Amino acid sequence: MILARVVGTVVSSHKPREMDGIAFLLIEKIDPVTMKGKGDYVVAMDSVGAGLNEIVFYASGSSARFTPTTDGKPTDCSIIAIVDFIEKNGAFTYRKDKAED
Amino acid sequence: MILGKVVGTVVSSASTIGIEGASFLLIEKCNQAGMLKNDYVVALDMVGAGKDEMVMVSEGSTARETPLTVSKPVDAMVVGIVDLIDENDNIIYRK
């Protein structure tokens, strides 16, 4: 799974019928040490209710379809978790409770 | 499989993965000699890999090919802890 930050939303009205009512979020891959964006963006289907600026990680490929909300939907990228902490070598590089919005 | 080192952990309480007690490791990709590449992946830990251990990570749908992860939204999994790598008859990595 790849770490990313939710930076926006994508709205589409012309899409297959079974994708109605599902949120598309614009997410940017991040470097988990500096927490800076890598300038690499993906449109992901949201299965956890992630909000703006939240750090998440997503599954891509066929695994993206194995959540209750994305089951049977033509997605290859779904956010599957909202991250609370990222620890590297014993030190937090990200803490949700300390993150400034 | 790709090679990587366990450099940390990622904690998430709100996830739809639905595997009780699943722990996610922060893996930094490395080459066969253990040189880190500043490229990270979050992988589900099945083998209890410890800090700074070199591991093999399997990516893609094969991550779902274990009893614990069958039909779970997982696309990266630690499938082995590396003890030793030899290249052209000399050992370039030893645990």
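One can find the structure itself at the top, above this paragraph.
1. Some remarks on the interface of chain B and chain A
On the side of chain A, 27 residues touch chain B, which itself brings 31 residues to the contact. Carbon and sulfur atoms supply 54% of the area that chain B and chain A bury against each other, a total of about 2300 Å² over both sides. Its largest share of buried area at the contact with chain A, chain B owes to T16, Y40 and D75 of chain B, together 24% of the area lost on that side. Summed over the shared surface of chain B and chain A, the number is two salt bridges. Here E87 of chain A makes a salt bridge to K51 of chain B, at a shortest N to O gap of 3.2 Å. Run the count over chain B and chain A and you get 17 residue pairs in polar contact (both at pLDDT 80 or more). Elements that contribute at least two residues to the side of chain B that touches chain A include exactly β1 (2-11), β2 (14-15), β3 (24-30) and β4 (36-45) of chain B. Broken down by element, the side of chain B that touches chain A gets its largest block of residues, six residues, from β4 of chain B. Tallied by class, residues from the side of chain B that touches chain A come to 14 nonpolar, ten polar and seven charged. With two bridges joining them, strand β5 (residues 77-82) of chain A and β2 of chain B adopt antiparallel strand pairing. Residue pairing for β2 of chain B: A81 of chain A is matched across the bridge by S15 of chain B.

2. Some thoughts on a nonpolar patch on the surface
Residues and elements named next belong to chain B. On the surface, M46, V47 and L68 cluster together into a nonpolar patch covering about 220 Å² of accessible area. By the element assignment, L68 lies in the loop between β5 (54-59) and β6 (76-81). Residue L68 is classed as partly exposed on the basis of its relative accessible area of 44%.

3. What to know about the environment of K15 of chain A
All names here are of chain A. Mapping K15 onto the fold places it in the loop between β1 (2-10) and β2 (24-30). Not counting the four nearest positions on each side in its chain, K15 is found in contact with D20 and F24. Polar contacts involving the side chain of K15 include one to the main-chain carbonyl oxygen of S12, which spans 3.1 Å.

4. Quick notes on the nonpolar core
In terms of nonpolar packing, the biggest core is built from 34 residues, with L3, F57 and I86 of chain A together with V10 and I27 of chain B touching the most fellow members. Taken together, the elements giving at least two residues each to this core come down to β4 (55-60) and β5 of chain A together with β1, β3, β4, β5 and β6 of chain B. It is β4 of chain B that provides the largest number of residues to this core, a total of five residues. Ignoring sequence-local partners within four residues, the contact set of I86 of chain A consists of L3, P32, M35, I55, A91, F92, T93 and Y94 of chain A together with T9, V10 and L26 of chain B. Residues A44, V56, C77 and I79 of chain A belong to the second largest nonpolar core, which totals 13 residues.

Conventions and cut-offs
Residues numbered from 1 in each chain as written. Chains lettered and ligands numbered in written order. Predicted model: local features only at pLDDT ≥ 70, side-chain atom pairs only at ≥ 80, totals over all residues. Heavy atoms only, no water. Contact = heavy atoms within 4.5 Å. Buried area = accessible area lost by both parts, 1.4 Å probe. Salt bridge = Lys/Arg side-chain N within 4 Å of Asp/Glu carboxyl O. Polar contact = N/O pair within 3.5 Å; in protein donor to acceptor, adjacent residues only side chain to side chain. Helix = DSSP H or I, 4+ residues; strand = E, 2+ residues; numbered from the N terminus. Nonpolar A, V, L, I, M, F, W, Y, C, P; charged D, E, K, R; others polar. Pairing = 2+ DSSP bridges. Patch = residues over 30% accessible without salt bridge, like charges linked within 9 Å, V, L, I, M, F, W, Y side chains within 5 Å. Areas by Shrake-Rupley, 256 points an atom, 1.4 Å probe, with all protein chains shown as cover. Buried < 20%, exposed > 50% of the residue type's maximum accessible area, 1.4 Å probe, protein only. Core = buried A, V, L, I, M, F, W, Y, C linked by side-chain atoms within 4.5 Å.

Purely geometric stuff here, so don't read any function into it on its own.
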